[in-house]
Amino acid sequence: MNIVTGTMTADQPPTLLRTINWTGAFWVASGVPALVLFSIGGIAGTTGNVAFLVWFASMCMGFIQSFTYAEIAGLFPNKSGGASVYGASAWVRYSKLIAPLSVWCNWLAWTPVLSLGCSIAAAYILNALGPIPGAESPEVLAWVQANAGSITADSSRVAEWLAANAGKTPADAVTALLVQDGVAALTPAFRNWTLAAGSIGPVSFSLNWTFFIGVVLMLLTFAIQHRGILGTANVQKLIGLVVIIPMLIVGIAPIITGQINWDNYTPLVPLQEAYVPTHGEWSISGWTLVLGGMFIAAWSTYAFETAICYTSEFKDPKTDTFRAIFFSGLLCLVLYTLVPFTFQGVLGLNGMLEDSIVDGSGVAEAMGRMVSGGSGGFITSAMVMMMIFALMLAIMTAMAGSARTLYQGSVDGWLPRYLSRVNTHGAPTAAMWTDLVFNVGLLAIAAADATSYFFILAVSNCCYIIFNFLNLNSGWIHRIDNGHIPRPWKAPTFLLVLGTCFAFVNAVFLGAGAKVWNPVALWAGLIAAGLIIPVFIYRHYVQDRGKFPPNMLADLNLTQDELKVRKAGILPYLTLIAGITVVLAANWIFQLPA
C-alpha cells in the first residue's frame, strides 16, 4: 500500500496536502461537541426526563461504531472525505448505484450544519442586540397588569383559544392571550422585519435578520477554510480551547455548586405528548417519542467520525487515522454525557420545554445562567459569546468535512468533475462554493421558524442514518472482499459485529423516529437520498463513459475487471433487503400519541 506524499509541483494540478497530524484533525473535529446546542432543546421537548439517557446511550453507540470506521479508513491512506468514501469502495462491487448513495447521504447529513448552525448563532446575536422578553419577565407582567381590560372573556380570540386548548377556562385564555400580546408589544421592532417570506411545501422561508447575519457568518467561515487544512486546524485549535473549556464548565459547575435537582430525573418515563410537560408511560407512543430522540441525537453524537475525513492530509495516516477518531470520540463521550445531564438537572422538565429552549435560541443564555448560578450579568453574557464561538467551530468543522466528501466523491468518479478543483493552499474550493450556495438556500428555510428548522434537521438525519447503515455493513464486506489488504489498525471482531447490529438498531430509529419531527420527514429524506441517482448517472455514464477513474481503487490494487469478483455473494443484497424491512416495520409499529 503506497502512500502519496501530497507535495505539489509546478507541473501538477493542485491537490490536498499532507500538512497535519492526528492532533490537527482532532482540533478540526472539536466542533462536534457544539452540535449538542442544535437539538438539546428539541430532544428534551420530545423525550422529557429520559433525555439525558438518550444522549448517553446514543453517544455510547457512536463510540462503538467508530471502531469500524477507523478500520476501513486505514485501507485508504490516500483518500479524504470520511467513512462514506471508504464504505462506498466496499459496495461498488455489488451495485454502482448503492455505492455513491453512501457519499451523497454523508454530504447531505453534514452540509446542513452550516445553515442550521448559522441560524442558531444569528439568533444568539439577535437576542444579545434586542432580546425578546420572556412570558414571565417583569416587563411582560407589568404590561399585562396595565392592559388587563384589553381582552374580555366573551371575545372571539378567547373562543378560538379555548377551542384549541380543551379543558381550560376563559380566565386561562385571557391570561395566555394577554401574555402573548405583551411579549409581542415589547419585542423590538427590528426582530419582526423580513425582506421576503413564504412557504414551500411543508416548510416556510424568510429573508429576515437571522438569514442575513447567518450569511455573513458563512462567508467568514469560507474565508478561514480557504487557507487550507493547516490554517483551518490552527484557527480551530484556538477557538476549540475557548469553547471546550466553557462546555466542560457547563457540565461540571452545576454539580459542584449544588444546582442539580435530582428530582428532575424522575420519574424515568417518556412524555405523554411531545412538548407538553405531562409524564407518560412506556407504551408504543412513549417509545416512539424516545426513538425520535435517539434518531435526532445520532446526528450529533455520531458526528465525530468526521475526524477521519482528512486521511490524505495526514503526515502519517497509518497512526494518525485511529488516534484522530479515538480521541475525538473520548472528548465527545465526556461532553455529550455531562452537558445534557446538568442541563436537565438544573432546568427540569418545565424549564426544558420553554419555547426558547425547544427552538434553540435560548439554550446559550440558559447555560450561561447555569454557570453563573442564575445571576445573569457578565458571566452569562460571556457564556453566550462562548456558545457563539462553539457554533462557529461546528460550522467550520462541517464545511471542512463536507467539502472533502464532495472533493473525494468527485476524484473517485461518484460526483461531477468540477468538485475536484483545489486551490494553491490545498483547499477544495469548488466543493466549498457548492456547500456555501446550497446552504444559503437552506438558511432561508431554517431562519423561518422551529418547524422548518427541525424539518431540515430530520431530513438531513434520514440521510445520515442511511450512510451509517451502509458504512457499518461495509466493515464486514471489506473483511470478506479485501481481507488480504494490510490494515494499520484492525477492530476487534466483536466490535465489528456489534457495529453491524447497531446498523439495524439505527434503522429502527429511522423508521420510528423521523415522524416525531415531521410527518413527512422519512419520505422527504428518502427522496433527497435518491437524488444521487441522476447525478451519478451523469458523471459515470456521460462524463466517464461507464468507467471509474484509475485512482478510485488504487489503494486496494484492484482493476476494473476485478470489481466483478463478489466474494460476499448475496449477503450484501440480503442486508439491504433486511434494512429496508426494518425501517418499514418500525414505521408501521411505532406511532405517535393520538
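Up top you'll find the structure we're talking about.
Not measured: the values here are computed from a predicted model.

What counts, and at which threshold
Residues numbered from 1 in each chain as written. Predicted model: local features only at pLDDT ≥ 70, side-chain atom pairs only at ≥ 80, totals over all residues. Heavy atoms only, no water. Disulfide = S-S within 2.5 Å. Buried < 20%, exposed > 50% of the residue type's maximum accessible area, 1.4 Å probe, protein only. Helix = DSSP H or I, 4+ residues; strand = E, 2+ residues; numbered from the N terminus. Polar contact = N/O pair within 3.5 Å; in protein donor to acceptor, adjacent residues only side chain to side chain. Contact = heavy atoms within 4.5 Å. Expected span 1.5 Å × (residues − 1). Bend = angle between axes of the 7 residues up to and from the residue. 1 Å grid on protein atoms, 1.4 Å probe; cavity = no way out; pocket = protein on both sides within 12 Å on 5 of 7 lines; lining within 4 Å. Points joined across faces, edges and corners; volume = space filled by probe spheres on them. Core = buried A, V, L, I, M, F, W, Y, C linked by side-chain atoms within 4.5 Å. Patch = residues over 30% accessible without salt bridge, like charges linked within 9 Å, V, L, I, M, F, W, Y side chains within 5 Å. Areas by Shrake-Rupley, 256 points an atom, 1.4 Å probe, with all protein chains shown as cover. Salt bridge = Lys/Arg side-chain N within 4 Å of Asp/Glu carboxyl O. Phe/Tyr/Trp six-rings, centres within 6.5 Å; stacked < 30°, edge-to-face > 60°. Pairing = 2+ DSSP bridges. Axes fitted to C-alpha atoms, helices over the stretch in contact; angles between N-to-C directions. Parallel < 35°, antiparallel > 145°, perpendicular 65-115°, else oblique. Left-handed = near helix turned anticlockwise from the far one by under 90°. Nonpolar A, V, L, I, M, F, W, Y, C, P; charged D, E, K, R; others polar.

Visitor: Could you give an account of the state of the cysteines, naming the residues involved and the relevant values?
Guide: Evaluation of the coordinates by the stated rule reveals zero disulfides. For Cys 462, which is in no disulfide, the shortest distance to another cysteine sulfur is to Cys 463 and amounts to 6.8 Å. Looking at Cys 462, the relative accessible area reads 1%, which means it is buried. Here Cys 463 stays free of any disulfide, with the sulfur of Cys 105 as its closest cysteine sulfur at 4.6 Å. Its relative accessible area of 1% is what places Cys 463 among the buried residues.

Visitor: Now, about the side chain of Arg 479: what can you tell me, with residues and values included?
Guide: Within the secondary structure, Arg 479 is located in helix α18 (residues 450–481). Engagement of the side chain of Arg 479 in a polar contact is seen with the side chain of Glu 71, the distance being 2.8 Å. Among the polar contacts made by the side chain of Arg 479, one reaches the main-chain carbonyl oxygen of Ala 491 at a distance of 2.7 Å. Those residues within four positions of Arg 479 in sequence are excluded, and the remaining contacts are Glu 71, Arg 487, Lys 490, Ala 491, Thr 493 and Leu 496.

Visitor: Can you explain helix α17 (residues 429–446)? Please cite residues and give values.
Guide: Relative to the 26 Å expected for 18 residues at 1.5 Å per residue, α17 spans 25 Å between its end C-alpha atoms, a close match to the ideal helical length. In α17, a bend of some 25° at Val 440 exceeds every other bend along the element. Across the 18 residues that make up α17, a large majority, 13, are buried.

Visitor: Residue-level account of empty space enclosed by the protein, with values.
Guide: By the definition in use, this model includes three cavities of 30 Å³ or more. Size it by volume and the largest cavity reaches roughly 50 Å³. Taken together, Leu 35, Ala 109, Trp 110, Val 113, Trp 299, Ala 303 and Tyr 464 make up the full set of residues lining the largest cavity.

Visitor: So what's going on with the nonpolar core? Residues and values would help.
Guide: The biggest cluster of nonpolar side chains holds 167 residues, and the ones touching the most others in it are Phe 38, Phe 295, Met 367 and Trp 414. Setting aside anything within four residues of it in sequence, one finds Phe 295 in contact with Ala 458, Asn 461, Cys 462, Ile 465, Phe 509, Leu 510, Gly 513, Ala 514 and Trp 517. Ranked by size, the runner-up nonpolar core spans eleven residues in total, among them Val 140, Val 158, Trp 161 and Ala 173.

Visitor: How would you summarise a nonpolar patch on the surface if you had to cite specific residues and measurements?
Guide: Together, Leu 97, Ile 533, Ile 537, Tyr 538, Tyr 541 and Val 542 line one region of the surface with nonpolar side chains, adding up to about 530 Å² of accessible area. Checked against the element boundaries, Tyr 541 lands in helix α21 (residues 532–543).

Visitor: So what about the packing of aromatic side chains? Which residues, and what values?
Guide: Summed over all chains, the structure comprises 29 aromatic pairs. Plain terms: the ring middles of Trp 262 and Phe 341 are 5.9 Å apart, the flat faces sit at 50° to each other, and that makes the pair tilted. Residue Trp 262 is located in the loop between α11 (229–256) and β3 (271–273), and its partner Phe 341 is located in helix α13 (residues 317–352); the two are separated by 79 residues in the primary sequence. Residue classification places Phe 341 among the buried positions, given a relative accessible area of 19%. Between the aromatic rings of Phe 326 and Phe 327, the centroid separation amounts to 5.3 Å while the plane-to-plane angle is 80°, which identifies the pairing as edge-to-face. Taking the relative accessible area as the measure of exposure, Phe 327 reaches 35% and is therefore partly exposed.

Visitor: Give me the lowdown on the pattern of salt bridges, citing residues and values where you can.
Guide: What the rule picks out here adds up to seven salt bridges. Arg 479 is paired through a salt bridge with Glu 71; the nearest N and O atoms lie 2.8 Å apart. In this pair, Arg 479 sits in helix α18 while Glu 71 sits in helix α3 (residues 51–73), placing the two residues 408 residues apart along the sequence. Where Glu 365 meets Arg 369, a salt bridge forms, and the shortest distance between an N and an O atom there is 3.4 Å. Here Glu 365 pairs with Arg 369, and both are found in helix α15 (residues 363–372), just four residues apart, close to one helical turn. Glu 365 gets classed as partly exposed once you look at its relative accessible area, which sits at 38%. You can call Arg 369 partly exposed: its relative accessible area is 35%. Connected through salt bridges with shared partners, the residues Glu 71, Arg 479 and Arg 487 form a single ionic network.

Visitor: How would you summarise the pairing of strand β2 (residues 203–208) if you had to cite specific residues and measurements?
Guide: In the sheet, strand β1 (residues 194–200) pairs with β2 via five bridges, with the strands oriented antiparallel. Bridge pairing in β2 places Ser 199 opposite Ser 204. Count of turn residues in the β1/β2 antiparallel hairpin: two residues, of which Gly 201 carries a positive phi of about 60°.

Visitor: Residues and numbers for the pairing of strand β4 (residues 276–279), please.
Guide: Pairing analysis gives two bridges linking β3 to β4, with the strands arranged antiparallel. Following the sheet pairing, Leu 271 is matched in β4 by His 279. Connecting β3 to the next strand, β4, in antiparallel fashion are two residues, including Tyr 275 with a positive phi near 70°.

Visitor: I'd like a description of α18, backed by residues and values.
Guide: Compared with the 46 Å implied by 1.5 Å per residue over 32 residues, the 46 Å span of α18 between its first and last C-alpha is a close match. Most of α18 sits out of view: 29 of its 32 residues are buried. At the N-terminal boundary of α18, the capping side chain belongs to Asp 449, with an oxygen 3.3 Å from the backbone nitrogen of Thr 451.

Visitor: I'd like a description of the environment of Thr 337, backed by residues and values.
Guide: For Thr 337, the location among the structural elements is in helix α13. A sequence separation of 285 residues divides Thr 337 from Phe 52, and the C-alpha atoms of the two residues are 7.4 Å apart. Filtering out sequence-adjacent residues up to four positions away, Thr 337 remains in contact with Phe 56 and Cys 332. A distance of 2.6 Å separates a polar side-chain atom of Thr 337 from the backbone oxygen of Leu 333.

Visitor: Which residues make up the packing of α3 against helix α12 (residues 284–301), and what are the values?
Guide: The contact between α3 and α12 brings their axes to 9 Å, and the two run at 50°. For the element pair α3 / α12, the angle class is oblique. Note on packing geometry: the crossing formed by α3 with α12 is right-handed. Contact with α3, carried on its side by Val 54, Trp 55, Ala 57, Ser 58, Met 59 and Met 61, involves Val 290, Gly 293, Met 294, Ala 297, Ala 298, Ser 300 and Thr 301 of α12 and no other residues of that element. Of the residues assigned to the contact of α3 with α12, the class counts are nine nonpolar, four polar and no charged.

Distances and angles like these do not, on their own, reveal function.
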